[in-house]
Amino acid sequence: MPAQAQLGTLLNRGKRGADRADTCGEGKKGDKARGVVGGLLGGAVRDMARKARLPSFVPVPAFSDQLTESIACRLDPEEQKQAAAATLQATRADTEDGTAQVGSSASWNSSTRDDVSGTSTVTRRERASGDLDCITVTDVVIVQGEETRADKRMCRAPGSARYSIIA
């Protein structure tokens with residue numbers, strides 16, 4: 001296994017959302033044998049995908065506080081921007097007390113691919129320790145008819161303008 005791959009897991013600790021990995025799924029925890037086999041199989045799959053000219057996307061760090069890795073890896077950079085904007089819209093504080101409303105939702109359609117769309121919906125509210133205001137947002141993206149769903153815990157401190165993913 002290359003040194004970069006071995007260090008990737010160590011370097012990615014403590015990061016959140018789309019910022020966690022810049023290779024979409026590589027560097028996950030597991031035993032060494034599984035890592036070696038996964039690396040070999042992953043390399044073969046990536047080679048086949050490149051030969052078939054299938055797109056491969058990398059999370060944009062600018063959206064790491066709004067998108068999970070599992071969602072960002074399915075989207076090109078422009079779609080990641082659209083998905084992050086939908087999250088911001090869905091979590092916009094529209095109530096008198098300045099909190100996001102459970103059930104608030106925002107949808108988007110890709111401006112770069114015809115068969116890609118998504119939705120962000122505030123699905124739960126909770127109180128974290130201290131004064132943090134926390135919610136759960138469910139993202140759903142559909143790429144070529146395949147649905148990917150991810151829940152993300154987002155919080156904001158008093159006086160903060162927006163919610164961000166909490167690791």
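Thresholds, definitions, all that
Residues numbered from 1 in each chain as written. Predicted model: local features only at pLDDT ≥ 70, side-chain atom pairs only at ≥ 80, totals over all residues. Heavy atoms only, no water. Helix = DSSP H or I, 4+ residues; strand = E, 2+ residues; numbered from the N terminus. Buried < 20%, exposed > 50% of the residue type's maximum accessible area, 1.4 Å probe, protein only. Contact = heavy atoms within 4.5 Å. Areas by Shrake-Rupley, 256 points an atom, 1.4 Å probe, with all protein chains shown as cover. Salt bridge = Lys/Arg side-chain N within 4 Å of Asp/Glu carboxyl O. Disulfide = S-S within 2.5 Å. Core = buried A, V, L, I, M, F, W, Y, C linked by side-chain atoms within 4.5 Å. pLDDT = per-residue confidence, 0-100.

- In the nomenclature of an unreviewed UniProt entry, the protein chain is known as Surface antigen of Erythrobacter ramosus.

**Considerations on the overall build of the protein chain**
Right, on to step 1. What the protein chain contains, in helices and strands, is four helices and five strands.
Right, on to step 2. Listing each helix as α and each strand as β along the protein chain from the N terminus yields α-α-α-α-β-β-β-β-β.
Right, on to step 3. When each of the 167 residues of the protein chain is scored for burial, the buried share is 38%.
Right, on to step 4. Put simply, 48% of the contacts in the protein chain that link residues at least 6 apart link residues at least 24 apart.
Right, on to step 5. If you sum the accessible surface of the protein chain, you get close to 10100 Å²; carbon and sulfur atoms cover 52% of it.

**Details of the pattern of salt bridges**
Right, on to step 1. Counted according to the given criterion, the structure contains nine salt bridges.
Right, on to step 2. Linking Glu126 and Arg124 is a salt bridge whose minimum nitrogen-to-oxygen distance equals 3.5 Å.
Right, on to step 3. For Arg124, a relative accessible area of 49% puts it in the partly exposed group.
Right, on to step 4. Where salt bridges share partners, they join Arg124, Glu126 and Arg153 into one cluster.

**Some words on the state of the cysteines**
Right, on to step 1. Applying the stated criterion to the full structure yields one disulfide.
Right, on to step 2. Two residues share a disulfide in this structure: Cys134 and Cys155, whose sulfurs sit 1.9 Å from each other. Across the S-S bond of Cys134 and Cys155 the torsion is about 110 degrees, and the bridge reads as right-handed. Of the two residues, Cys134 sits in strand β3 (residues 133–143) while Cys155 sits in strand β4 (residues 146–156), which places them 21 residues apart along the sequence. For the pair Cys134 and Cys155, one class covers both residues: buried.

**Some remarks on unusual backbone geometry**
Right, on to step 1. The phi torsion at Gln144 lies on the positive side, around 50 degrees, for a residue other than glycine.
Right, on to step 2. Of note, Gln144 is situated in the loop between β3 and β4.
Right, on to step 3. For Gln144, a relative accessible area of 62% translates into the label exposed.

**Here we look at the nonpolar core**
Right, on to step 1. Ranked by size, the top nonpolar core spans 16 residues in total, and within it Leu67, Leu75 and Trp108 carry the most contacts.
Right, on to step 2. Sorting the residues of this core by element identifies α3 (69–72), α4 (77–90), β1 (105–109) and β3 as the ones contributing at least two each.
Right, on to step 3. Take this core: its biggest share by element is four residues, from α4.

**Details of the confidence of the model for the protein chain**
Right, on to step 1. When the pLDDT values of the protein chain are averaged, the result is 76; 63% of them are 70 or greater.
Right, on to step 2. Per-residue pLDDT stays below 50 along residues 1–16; that stretch engages in 11 contacts with residues further than four places along the chain or on separate chains.
Right, on to step 3. This stretch, residues 18–22, has a pLDDT under 50; its non-local contacts, to residues over four places away or in other chains, come to 19 contacts.

**Some points on the environment of Ala150**
Right, on to step 1. Among the secondary structure elements, Ala150 is positioned in strand β4.
Right, on to step 2. Exposure remark for Ala150: the relative accessible area of 8% places this residue in the buried category.
Right, on to step 3. For the pair formed by Ala150 and Glu69, sequence separation is 81 residues and the distance between their alpha carbons is 9.3 Å.

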